[in-house]
Amino acid sequence: MTASTSLWHLLNFCAPAAFLALWLVLARWVFARKASPLLPWYGQLALHFLVGCAALFAALLWQGRDGSLAGYALLVLAMASSQWAVLGNWRR
């Protein structure tokens, strides 16, 4: 496998995490305007992206393949938990 092919595989592996991270940051401005997050928008984006990539990698190690429904469910649960923590809902 060439370096460019490996790069495309890595980008496609992380694409769901990037899309969901961007969606979470944008959705907060629409649905949770009054909430004051603990991080600025770019910090939230980076944190959600890293959490999402870690969840996808954990699912890959757990099941031995990428793209499973359980892996995507883990991605959603992990990123929802990080959004919950960033918005400070654990303090309420």
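Source: prediction; values computed, not measured. (Residues numbered from 1 in each chain as written. Predicted model: local features only at pLDDT ≥ 70, side-chain atom pairs only at ≥ 80, totals over all residues. Heavy atoms only, no water.)

Here's the deal with the environment of His-48
Checked against the element boundaries, His-48 lands in helix α2 (residues 41-63). Sequence-wise, His-48 and Val-86 are 38 residues apart; in three dimensions their C-alpha atoms are separated by 9.4 Å. Among all residues touching His-48, those that are not within four sequence positions of it are Ala-21, Leu-24, Val-25, Met-79, Ser-82, Gln-83 and Val-86. Polar contacts involving the side chain of His-48 include one to the side chain of Gln-83, which spans 2.6 Å. (Helix = DSSP H or I, 4+ residues; strand = E, 2+ residues; numbered from the N terminus. Contact = heavy atoms within 4.5 Å. Polar contact = N/O pair within 3.5 Å; in protein donor to acceptor, adjacent residues only side chain to side chain.)

A short note on the packing of α2 against helix α3 (residues 69-86)
The geometry of α2 relative to α3 is characterised by a closest axis approach of 8 Å and an angle of 150 degrees between their N-to-C directions. Comparing the axis directions of α2 and α3 gives the class roughly antiparallel. The interaxial crossing formed by α2 with α3 has right-handed handedness. Contacts between α2 and α3 involve Gln-44, Leu-47, His-48, Val-51, Gly-52, Ala-55, Leu-56, Ala-58, Ala-59, Trp-62 and Gln-63 on the former and, on the latter, Ala-70, Gly-71, Tyr-72, Leu-74, Leu-75, Ala-78, Met-79, Ser-82, Gln-83 and Val-86. Looking at the contact of α2 with α3 residue by residue, the class counts come to 14 nonpolar, seven polar and no charged. (Axes fitted to C-alpha atoms, helices over the stretch in contact; angles between N-to-C directions. Parallel < 35°, antiparallel > 145°, perpendicular 65-115°, else oblique. Left-handed = near helix turned anticlockwise from the far one by under 90°. Nonpolar A, V, L, I, M, F, W, Y, C, P; charged D, E, K, R; others polar.)

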